[in-house]
Amino acid sequence: VPFFLAASQRIRDAFRRWRGTHEDAFDWDAARVPEGITEESEQRKKEKEKEKRKKQKEKQKVSKAQAREDEEAQKRKEEEEQ
């Protein structure tokens, strides 16, 4: 099956894009080509990735703030002990 013999993800995506725009052209299930890629599905994927990056950045900010607070608390504790 050509889809599975494709050497790269880029080529496999080309099969899936063609399926997305020409759903009735072939028996895609018999050809074992997964669900077609449409502009809508690509847009949803991009938005999902964008949201994921946004959450990662927010998580990093929280981690950095917590690390700063812990460091400051450690310094205060050391100063009190002196």
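Refer to the structure printed above.
The rules behind these values
- Residues numbered from 1 in each chain as written.
- Predicted model: local features only at pLDDT ≥ 70, side-chain atom pairs only at ≥ 80, totals over all residues.
- Heavy atoms only, no water.
- Phe/Tyr/Trp six-rings, centres within 6.5 Å; stacked < 30°, edge-to-face > 60°.
- Helix = DSSP H or I, 4+ residues; strand = E, 2+ residues; numbered from the N terminus.
- Buried < 20%, exposed > 50% of the residue type's maximum accessible area, 1.4 Å probe, protein only.
- Polar contact = N/O pair within 3.5 Å; in protein donor to acceptor, adjacent residues only side chain to side chain.

Asks: Kindly report on the packing of aromatic side chains, identifying the contributing residues and their values.
Replies: Counting across every chain of the model gives 3 aromatic pairs. When the centroid spacing of 6.0 Å and the interplanar angle of 80° are considered together, the rings of Phe 3 and Phe 15 count as edge-to-face. Of this pair, Phe 3 sits in helix H1 (residues 2–5) while Phe 15 sits in helix H2 (residues 9–21); the two residues are 12 residues apart in sequence, bridging distant segments of the chain. Taking relative accessible area as the criterion, Phe 3 reaches 8% and is therefore assigned buried. Look at Phe 26 and Trp 28: their rings are 5.2 Å apart centre to centre, the planes differ by 80°, and that puts the pair in the edge-to-face class. Grouping aromatic residues by their ring pairs yields a cluster made of Phe 3, Phe 4 and Phe 15.

Asks: Lay out unusual backbone geometry in plain terms, naming residues and giving numbers.
Replies: Positive phi, normally seen in glycine, also occurs at Arg 32, with a value near 60°. Arg 32 sits in the exposed class, given a relative accessible area of 53%.

Asks: Can you break down the side chain of Arg 19 residue by residue, with the values?
Replies: When you line up the elements, Arg 19 lands in helix H2. Side-chain polar atoms of Arg 19 contact the side chain of Glu 23, separated by 3.1 Å.

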